[in-house]
Amino acid sequence: MICRMRSLFKGLSVLINDATPISAANVIVENGRIDEIQLGKYGMPDETSFDEVVDAGSLLMMPGVIDSHVHVNEPGRTEWEGFETATAAAAVGGITTIVDMPLNCSPVTTSLKALQTKLRSLQHKCKVDVAFWGGVIPGNKAELRPMIQAGVVGFKCFLIDSGLDEFPHVTEEDLHPVFETLVGTGSVLLFHAEMDACGCTRSVQSKHTFHFLQRPVMLVTCSVQQLVQKTSFTTHKETRTN
């Protein structure tokens, strides 16, 4: 027997999308998915058929925001930011899903074991949905598919010093086996697109303005040019072999 859970969310100020003015609306949800949106209506004559009725009144009701780049530093550096505070702050701001980066937690999320450690650390703490990026570092290609099977949405790597010794940046040689491993998985690989290919970086200074001085545009253009060349070559090679 399949149990149905039907909920009614009603409000006077409902934002559906950019093309539709804010107005009253009923949003009917069945088993966690939006089943129907009734624009211009506020409530129903008989609401007893619903398992749950949420009345937003004049509060703004809107689609939840997904923040795909969040650094929750738990476990290991929870005093910086943990899942309890990060997800609570997200909920207050209208963010209903966060995607956690593979650093600056400790251990960094570059192996299945580290991912499992992170999952254990967040039990009963999350106020919103949480997804995870895995990390790509030199030599961890064997961990990538197991992490995909465990649920990571994709991977992140650095082309320049990440600032953490346990998350070293990758080189062009490191990327060859990574691309081969990810082919056919449907996963994605994100790049921190800075590359010190021309000796542009400078010593770290404490003042905020020095951040821009030590990261000239050339750091980005070098990395993007190399990535375009590399991914174009990989795509063409796969096309020829197919």
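The rules we used
Residues numbered from 1 in each chain as written. Predicted model: local features only at pLDDT ≥ 70, side-chain atom pairs only at ≥ 80, totals over all residues. Heavy atoms only, no water. Helix = DSSP H or I, 4+ residues; strand = E, 2+ residues; numbered from the N terminus. Buried < 20%, exposed > 50% of the residue type's maximum accessible area, 1.4 Å probe, protein only. Contact = heavy atoms within 4.5 Å. Pairing = 2+ DSSP bridges. Right-handed = clockwise from strand over helix to strand, strands pointing away. Axes fitted to C-alpha atoms, helices over the stretch in contact; angles between N-to-C directions. Phe/Tyr/Trp six-rings, centres within 6.5 Å; stacked < 30°, edge-to-face > 60°. Lys NZ or Arg CZ within 6 Å of the ring centre and 35° of its normal.

Caption draft 1: Quick peek at the side chain of Thr 97. Relative to the elements of secondary structure, Thr 97 occurs in strand β6 (residues 95-100). Here Thr 97 falls in the buried class, since its relative accessible area comes to 18%. What Thr 97 contacts, discounting residues up to four positions off in sequence, is Val 65, Ile 66, Asp 67, Val 128 and Asp 129.

Caption draft 2: Quick look at the pairing of strand β5 (residues 65-70). In this sheet, β6 lies alongside β5 in parallel orientation, the contact comprising 4 bridges. Within β6, the position partnered with Val 65 by the bridge is Ile 95. Handedness of the crossover is the feature at issue here: the chain leaves β5, passes through helix α1 (residues 83-92), returns alongside β6, and the resulting connection is right-handed.

Caption draft 3: Region of the structure containing the sheet that holds strand β1 (residues 6-14). Taken together, the 4 strands give an open sheet; going across it, the order is β3-β2-β1-β4, and neighbouring strands pair in mixed fashion. In the strand order of this sheet, the two ends are held by β3 (33-39) and β4 (52-61), each with one partner. Across the sheet, the mean angle separating the axes of adjacent strands is 20 degrees when strand polarity is ignored. Inspection of the sheet shows β1 paired to β4 by 7 bridges, in the parallel sense. Across the sheet, the residue bridging to Ser 13 is Leu 60, located in β4.

Caption draft 4: Representation of the packing of aromatic side chains within the structure. Enumeration over the complete set of coordinates arrives at 2 aromatic pairs. On the numbers, 6.4 Å between centres and 70 degrees between planes, the contact of Phe 83 with Phe 132 is edge-to-face. Taken together, the residues span a long stretch of sequence, with Phe 83 in helix α1 and Phe 132 in strand β7 (residues 129-135) at a distance of 49 residues. Given a relative accessible area of 9%, Phe 132 falls into the buried group. When the centroid spacing of 5.7 Å and the interplanar angle of 80 degrees are considered together, the rings of Phe 158 and Phe 167 count as edge-to-face. Accessibility classification places Phe 158 together with Phe 167 in one group, the buried group. Above the plane of the ring of Tyr 42 lies Lys 10, whose end atom (NZ or CZ) is 5.5 Å from the centre. Taking NZ or CZ as reference, Arg 77 lies 5.4 Å from the ring centre of Trp 80, over its face.

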